[in-house]
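# Residue-level structure breakdown
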Amino acid sequence: MAAKKTSTPKINFVGGNKLQSTGNKTEDLKGNECVKSTPITSVQISEVKSDTVSEPVTPASLAALQSDVQPVGHDYVEEVRNDEGKVIRFHCKLCECSFNDPNAKEMHLKGRRHRLQYKKKVNPDLQVEVKPSIRARKIQEEKMRKQMQKEEYWRRREEEERWRMEMRRYEEDMYWRRMEEEQHHWDDRRRMPDGGYPHGPPGPLGLLGVRPGMPPQPQGPAPLRRPDSSDDRYVMTKHATIYPTEEELQAVQKIVSITERALKLVSDSLSEHEKNKSKEGDDKKEGGKDRALKGVLRVGVLAKGLLLRGDRNVNLVLLCSEKPSKTLLSRIAENLPKQLAVISPEKYDIKCAVSEAAIILNSCVEPKMQVTITLTSPIIREENMREGDVTSGMVKDPPDVLDRQKCLDALAALRHAKWFQARANGLQSCVIIIRILRDLCQRVPTWSDFPSWAMELLVEKAISSASSPQSPGDALRRVFECISSGIILKGSPGLLDPCEKDPFDTLATMTDQQREDITSSAQFALRLLAFRQIHKVLGMDPLPQMSQRFNIHNNRKRRRDSDGVDGFEAEGKKDKKDYDNF
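Residues numbered from 1 in each chain as written. Predicted model: local features only at pLDDT ≥ 70, side-chain atom pairs only at ≥ 80, totals over all residues. Heavy atoms only, no water.

An unreviewed UniProt entry lists the chain under the name Zinc finger RNA-binding protein, from Molossus molossus.

### As for the overall build of the chain
Scanning the chain from N- to C-terminus turns up 19 helices and 8 strands. Here the contacts in the chain between residues at least 6 apart in sequence split such that 69% fall between residues at least 24 apart. Surface exposure of the chain reaches about 38,100 Å², of which carbon and sulfur atoms provide 52%. (Helix = DSSP H or I, 4+ residues; strand = E, 2+ residues; numbered from the N terminus. Contact = heavy atoms within 4.5 Å. Areas by Shrake-Rupley, 256 points an atom, 1.4 Å probe, with all protein chains shown as cover.)

### Things to note about unusual backbone geometry
Cis geometry marks the peptide bond from E366 to P367, where omega comes out at -10°. Even without being a glycine, E96 presents a positive backbone phi close to 60°. Position of E96 among the secondary structure elements: in the loop between β2 (87-92) and β3 (97-99). Look at E96 and you get exposed, because its relative accessible area is 58%. A positive phi is found at S429, a non-glycine position, where the angle reads about 70°. Along the chain, S429 turns up in the loop between α12 (404-423) and α13 (430-443). (Buried < 20%, exposed > 50% of the residue type's maximum accessible area, 1.4 Å probe, protein only.)

### Looking at the pattern of salt bridges
Scanning all chains against the criterion turns up 24 salt bridges. The residue E500 makes a salt bridge to R415 at a minimum N-O spacing of 2.5 Å. With E500 in the loop between α15 (472-484) and α16 (512-530) and R415 in helix α12, this residue pair connects regions lying 85 residues apart in the sequence. Across the pair K490 and D512 runs a salt bridge, and its minimum N-O distance is 3.8 Å. Taken together, the residues K490 in the loop between α15 and α16 and D512 in helix α16 connect sequence positions 22 residues apart. (Salt bridge = Lys/Arg side-chain N within 4 Å of Asp/Glu carboxyl O.)

### Observations regarding the packing of aromatic side chains
Counted by the stated rule, this structure contains 5 aromatic pairs. Relative to W154, the ring of Y153 has its centre 5.4 Å away and its plane inclined at 70°; by these criteria the two rings are edge-to-face. Here W154 falls in the partly exposed class, since its relative accessible area comes to 29%. With a centroid separation of 6.2 Å and an interplanar angle of 50°, the aromatic rings of W447 and F450 are classed as tilted. The exposure class of W447 is buried, given its relative accessible area of 1%. We classify F450 as buried; its relative accessible area is 6%. (Phe/Tyr/Trp six-rings, centres within 6.5 Å; stacked < 30°, edge-to-face > 60°.)

### Describing the pairing of β2
The side chains of a regular strand alternate, first on one face of the sheet and then on the other. As paired strands, strand β1 (residues 77-81) and β2 are joined by 5 bridges and run antiparallel to one another. The residue of β2 that forms the bridge with V77 is C92. A loop of 4 residues connects β2 with β3, the two strands running antiparallel in sequence, and E96 in this loop sits at a positive phi of about 60°. (Pairing = 2+ DSSP bridges.)

### Observations concerning the sheet that holds β1
Judged by pairing direction, the sheet is antiparallel, and its 3 strands sit side by side in the order β1-β2-β3 without closing on themselves. At either end of the open sheet lies a strand with only one pairing partner, and these are β1 and β3. The average undirected angle you get between the axes of adjacent strands in this sheet is 30°. (Axes fitted to C-alpha atoms, helices over the stretch in contact; angles between N-to-C directions.)

### Observations concerning helix α14 (residues 452-464)
Structurally, the α-helix is built with 3.6 residues per turn, so residues lying three or four positions apart point the same way. If you check α14, its first and last C-alpha atoms are 18 Å apart, about what 13 residues at 1.5 Å a residue would give, namely 18 Å. The buried count for α14 comes to 10 of 13 residues, which makes it a mostly enclosed element. Turning to α14, its buried residues are W453, A454, M455, E456, L457, L458, V459, E460, A462 and I463. Buried positions along α14 lie against α9 (300-304), α12, α13 and α15. (Expected span 1.5 Å × (residues − 1).)

### Observations concerning the confidence of the model for the chain
Looking at the chain as a whole, the pLDDT averages 76, with 69% of positions reaching at least 70. Of all helices and strands in the chain, the one with the weakest mean pLDDT is helix α2 (residues 42-50) (39), whereas α16 scores best (95). Confidence drops under pLDDT 50 across residues 389-394; counting only partners more than four residues distant or on other chains, this segment forms 2 contacts. Every residue in residues 548-576 scores below 50 in pLDDT, and together they form 28 contacts with partners more than four places removed in sequence or on other chains. (pLDDT = per-residue confidence, 0-100.)

### Remarks on the environment of Q339
Counting through the fold element by element, Q339 comes out in helix α10 (residues 326-343). The exposure class assigned to Q339 is buried, which follows from its relative accessible area of 13%.

Here is the structure:
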């Protein structure tokens, strides 16, 4: 029988002409050759294993890190030779490790593992740097980040304050420049013939709606700006006279910044003292207490930007972690002069006012400024809000705790400053009118009983409720109209404090007679404004008229007595007294 022949099946390769394994083998061979060309010593391996950084460790980076470390333990590294006397490797008796590369001997002697073994077996006094753990490193980075954020916050705050001052000066300069331009314009119009038209009186419309002799005007309605009134000129002139001088502003900024930096150093000093005390006591309680002094904030006219010329007293509030006591107040007063001497060579007079719960700091250089630092704590207000709670009586105050009402007033001043910066600072003419009224309260005894916080609330509400932005003259008139309507009289809704949770009238400290006197004085001031005698309200001399247009358009005849005295000045005894007050 004939045997059958089996045919071999044909094999078809899929995926290209060359096998994939061939390319992988060549790449592996190239990688092995690269590895052989750069031998890795045991020191490098140990450093790579011990290091937790994700970046690769190279001999160059190790050499850079170990450049400032002195090698130790030369005697404990011995050479291992072969039968021919050739050095084949090095052996370290301390680390029990071997390496072949002679260039790695210096790196091994500077290595951290070798130095630790040398410190453990030979010299315990050797200083070896301790590598922080990942958690410790993250905590340190977080602390540095918070410190940078705090410094950035204070830097931006100082820049914003400086920018606000510059913008106020710029607005005033622009205002007076605009007034001068308008004055020159109307003077030129008055000198020109034909009623002030540079190209003759307007004739009938010609072609394309253009009068002959007139240049073509741009299409579309031109935006008309309301000219500044005479009241605006008087208000801005008065504001320029009561605005602080540059010397006073620099002195205030200097003493406030020095005081804030000194209080920061006092807080650091008290914190270090508490830490040392806890270490010496060997207490097993929690040692991570908060700082005694948490921060210092600006309040009053300093924080609101309402300083007047001649103001020498500014206020700061120092927040404490616990209820402020007389002991803490005296410690701060004793430590503050030392820290002030570190920051500034100038001398300052420091007094401790226990009844006011404050420290009073006076400068000894002209212009002499005074800073009142009031101590307070948010814990006092929290307990005050929990007075109806059963557990409120269980909390005992320290025996030498400071006046509770003074601390509550300081916290209220903080809330007032925040509200003012959020609501009134950006309102047009608001800050100018408040400065004018503050000057009025200082000049006229009738207005001295008006609480400053109630006055700020009233001005903000009067200006913000207007249908359009108010010029300084209109804003002052609107404020007098609100007071004249009887808004502060008894039986009216009053002025509720927006910074308190419970309803509280800011005019509660005023008597009925004081309310009636201020209302009557505001009505008389409103009459003076109506008769163009605002200079008597502001306490200044009349300004020279800007141009003849006021006499042409507003030439009103008034009844005069036989003696030539204005009838308004002879209204009666009551109005005469008010006139003398203004």
